[in-house]
Amino acid sequence: MLTEEGTHSLKIHTYPDPVLKTQADPVRNIDEGLQVLIDEMLDVMYKAPGIGLAANQVGELKRVIVFDKSPRDEGRDPVVLINPEIVLGEASIRWEEACLSVIDFSAEVVRQRQVKVTGYDRNEKPVDMEAEDILAVCLQHEIDHLNGTLFIDHISSLKRALYKKKLKKMMQKS
Ligand SMILES: [Zn+2]
């Protein structure tokens, strides 16, 4: 849904919103409502701009993620995954992560360097994809969202406490 100004009706929920800590439900029907949600999520992601977005982040507890398959390239290469699952992960990589739902913060997280992910596309076609490096990190980050996990849940409790303190200060100012 677009408002008169052409801006989006969906808003990005930010930490500590409880929707980000909640497990999303599997999608049973890829219906018209879901197609609308997918289009809106892609729109929100590219406008942010971000390279990936999970439905929890727009307040919808459905197992849907969208991301850009070539985040480093110009142009758009959008991918939609419904009920995504990591079926294989190998090797580890340290990556500086940030999140549209965790304002003004980034931190290194250890992830698997290569993953194999299955799921469905928006036309109900099964998807089986392999990814590495930034794309593998992105997939793990977005699928984490569907399980109510944020990247800050993977950092040390000390670093997380520092972020909470910073956030509290930011919220007092605004
Ligand atoms: Zn995120």
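Thresholds applied
- Residues numbered from 1 in each chain as written.
- Predicted model: local features only at pLDDT ≥ 70, side-chain atom pairs only at ≥ 80, totals over all residues.
- Heavy atoms only, no water.
- Core = buried A, V, L, I, M, F, W, Y, C linked by side-chain atoms within 4.5 Å.
- Buried < 20%, exposed > 50% of the residue type's maximum accessible area, 1.4 Å probe, protein only.
- Helix = DSSP H or I, 4+ residues; strand = E, 2+ residues; numbered from the N terminus.
- Contact = heavy atoms within 4.5 Å.
- Donors = N, O, S within 2.8 Å, 3.2 Å for Na, K, Ca; no water.
- Salt bridge = Lys/Arg side-chain N within 4 Å of Asp/Glu carboxyl O.

Regarding the nonpolar core
Reasoning step 1: Within the largest apolar cluster, 18 residues are counted, with the highest numbers of intra-cluster contacts made by Leu-34, Met-41, Val-64 and Ile-82.
Reasoning step 2: At the level of elements, α1 (32–47), β2 (64–68) and β3 (78–99) are the ones that each hand at least two residues to this core.
Reasoning step 3: In terms of residues, this core owes the most to one element, α1, which gives eight residues.
Reasoning step 4: Every residue in contact with Val-64, bar those within four places of it in the chain, is listed here: Val-27, Leu-34, Ile-38, Met-41, Leu-53, Ala-54, Ala-55, Leu-81, Ile-82 and Leu-146.

Observations concerning the coordination of the zinc ion
Reasoning step 1: Taken together, Cys-99 (SG), His-141 (NE2) and His-145 (NE2) make up the full set of protein donors to the zinc ion, lying 2.1 to 2.2 Å away.
Reasoning step 2: Sequence positions of the residues that donate to the zinc ion give the spacing C-x41-H-x3-H. Here His-141 and its partner His-145 are both found in helix α2 (residues 133–146), four residues apart, which amounts to about one turn of the helix.

Regarding the pattern of salt bridges
Reasoning step 1: For the structure on display, the rule yields nine salt bridges.
Reasoning step 2: Linking Arg-122 and Asp-39 is a salt bridge whose minimum nitrogen-to-oxygen distance equals 3.0 Å. Note that Arg-122 is positioned in the loop between β4 (102–120) and β5 (126–132) and Asp-39 in helix α1, a separation of 83 residues in sequence.
Reasoning step 3: Residue class for Asp-39 comes out partly exposed when judged on its relative accessible area of 44%.

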